Amino acid sequence: MTALPRRPPTVSALPLTLSGVTYTARERHILGGVSLEIEAGPRTVVLGPNGAGKSVLLRICHGLITPQEGQVRWHRSATAARPVRQAMVFQRPVMLRRSAAANIRYALNLHQVPRAERHRLAEVALARTGLTEVARTPAHHLSIGEQQRLALARAWVLEPEVLFLDEPTASLDPASTRAVEDIIRAIDRSGTKIIMTSHDLAQARRIAHEVVLLHRGQVVENTSAAMFFEAPESAEARAFLAGELLW
């Protein structure tokens, strides 16, 4: 797998700051006054049991959902001339009914990349995610693991400043999980900030530089991965690490 060199530093859109973010759906409080600051650099993993609010938090950060209360602010304000370059990959990737290569070219076309350059960049994206041999294969015929790698390739080729990943390996076997995690590390090395949700402690140990633990829509821990695993401060974190069910 070929990774691109790390991009030169620019004025970062990060930190991303959430202040008092609340979200309710069907009279259920999913997030309750979440305040959080996500800095540039280290890979951030948002941990928590199912129903903790992880996916909703990520969608709010990405701008797909608007909170009922609170604010979400980027350090560098987005403008029409210079929007915040961000992308998101979901647990079940959305594949267009066309070839793997055409899925990537379509994303490049949306970002007004010239046609000749789209073909070259699509080839690079497929090569660095190990998908060259399936370039002409319809995306819907790929395995779930290959589809997830294609979704990552499609996002990475746009060189986002921030990449949101929502449980990207939840449905994958161990070999596919390892391949996806290798790509995530390569994207990180290229200069993109990774913000990822997971309920898997073992994966968080492998991936995270910093951990945010959500429980019942509240941030109960926000610290470095080393501190989280070695000296958690909250009772919820200690219980989660001990394998107890949080409810």
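Just so we're clear, the structure is a prediction, and the values are computed from it rather than from any experiment.

J.: What should I look at first to understand the side chain of His 62 in this one?
T.: Within the secondary structure, His 62 is located in helix α1 (residues 54-62). For His 62, a relative accessible area of 18% corresponds to the buried category. In contact with His 62, other than residues within four places in its own chain, are Gln 86, Ala 87, Met 88 and Phe 164.

J.: What should I look at first to understand the pattern of salt bridges in this one?
T.: When the charged atoms of two side chains lie near each other, side chains of opposite charge can form a pair. Scanning all chains against the criterion turns up 9 salt bridges. Put simply, Arg 59 and Asp 166 hold a salt bridge, and the shortest N to O gap is 2.8 Å. In this pair, Arg 59 is assigned in helix α1 and Asp 166 in strand β6 (residues 162-166), connecting sequence segments 107 residues apart. Take Arg 59: its relative accessible area is 23%, and that puts it in the partly exposed class. Three or more residues joined by partner-sharing salt bridges are found here, namely Glu 181, Asp 182, Arg 185 and Arg 206.

J.: Honestly, the packing of aromatic side chains in this entry has me stumped. Any pointers?
T.: Aromatic ring pairs: the centre-centre distance and the angle between the two ring planes describe each pair. Tallied over the full model, the rule gives 1 aromatic pair. For the pair Phe 228 and Phe 229, a centre-to-centre distance of 5.1 Å together with 85 degrees between the ring planes defines the contact as edge-to-face. Accessibility classification places Phe 228 together with Phe 229 in one group, the buried group. Over the ring of Trp 156 we find Arg 128; its NZ or CZ atom is 3.8 Å from the centre of that ring.

J.: Which parts of the structure should I look at to understand helix α2 (residues 100-110)?
T.: In an α-helix, one turn spans 3.6 residues, which is why side chains three or four residues apart end up on the same side. Among the residues of α2, those classed as buried are Ala 100, Ala 101, Ala 102, Asn 103, Ile 104, Ala 107 and Leu 108. Looking at the packing, one finds that the buried side of α2 touches α3 (115-128) and α4 (144-156). Gln 112 lies just past α2 and shows a positive phi near 60 degrees.

J.: How should I be thinking about the environment of Ala 204 in this particular structure?
T.: As for its position among the elements, Ala 204 is in helix α6 (residues 201-207). Once residues within four sequence positions are removed from consideration, Ala 204 is found in contact with Val 45, Leu 47 and Phe 229.

J.: Help me out: how do you make sense of α4 in this one?
T.: If you check α4, its first and last C-alpha atoms are 18 Å apart, about what 13 residues at 1.5 Å a residue would give, namely 18 Å. When you tally the buried positions in α4, you get 11 out of 13 residues, the bulk of the element. Gly 145, Gln 147, Gln 148, Arg 149, Leu 150, Ala 151, Leu 152, Ala 153, Arg 154, Ala 155 and Trp 156 are the residues of α4 that are buried. In this structure, the buried residues of α4 make contact with β5 (86-89), α2, α3, β6 and α5 (174-189).

J.: Mind showing me how you'd approach the environment of Ala 225 here?
T.: Mapped onto the elements of the fold, Ala 225 is located in helix α7 (residues 225-230). Distance in space between the C-alpha atoms of Ala 225 and His 209 is 5.2 Å, their sequence separation being 16 residues.

J.: Teacher, can you tell me more about the packing of α2 against α3 here?
T.: Each pair of packed helices gets described by two things: the angle between the helix axes and the distance between those axes. At their nearest, the axes of α2 and α3 sit 9 Å apart, and the two run at 125 degrees to each other. Between α2 and α3, the angle is such that the two are oblique. Our pair here, α2 against α3, has a crossing hand that is right-handed. Between α2 and α3, the residues in contact are Ala 100, Ala 101, Ile 104, Arg 105, Leu 108 and Asn 109 and Arg 118, His 119, Leu 121, Ala 122, Ala 125 and Leu 126, respectively. Each residue belonging to the contact of α2 with α3 can be placed in one class, and the counts come to 8 nonpolar, 2 polar and 2 charged.

J.: For this particular structure, what's the right way to read the sheet that holds strand β4 (residues 69-74)?
T.: Strand pairing in a sheet relies on backbone hydrogen bonds, with the paired strands running either antiparallel or parallel. If you walk across this open sheet you meet the 3 strands as β2-β1-β4, and the pairing is antiparallel. Across the chains shown, the open sheet's two edge strands, defined by having one partner strand only, are β2 (28-38) and β4. Taking each pair of neighbouring strands and ignoring which way they run, the sheet shows an average axis angle of 20 degrees. As defined by bridge partners, strand β1 (residues 16-25) adjoins β4 across 5 bridges and the pair is classed as antiparallel. If you follow Leu 16 over to β4, its bridge partner there is Trp 74.

Quick notes on the rules
Residues numbered from 1 in each chain as written. Predicted model: local features only at pLDDT ≥ 70, side-chain atom pairs only at ≥ 80, totals over all residues. Heavy atoms only, no water. Helix = DSSP H or I, 4+ residues; strand = E, 2+ residues; numbered from the N terminus. Buried < 20%, exposed > 50% of the residue type's maximum accessible area, 1.4 Å probe, protein only. Contact = heavy atoms within 4.5 Å. Salt bridge = Lys/Arg side-chain N within 4 Å of Asp/Glu carboxyl O. Phe/Tyr/Trp six-rings, centres within 6.5 Å; stacked < 30°, edge-to-face > 60°. Lys NZ or Arg CZ within 6 Å of the ring centre and 35° of its normal. Expected span 1.5 Å × (residues − 1). Axes fitted to C-alpha atoms, helices over the stretch in contact; angles between N-to-C directions. Parallel < 35°, antiparallel > 145°, perpendicular 65-115°, else oblique. Left-handed = near helix turned anticlockwise from the far one by under 90°. Nonpolar A, V, L, I, M, F, W, Y, C, P; charged D, E, K, R; others polar. Pairing = 2+ DSSP bridges.

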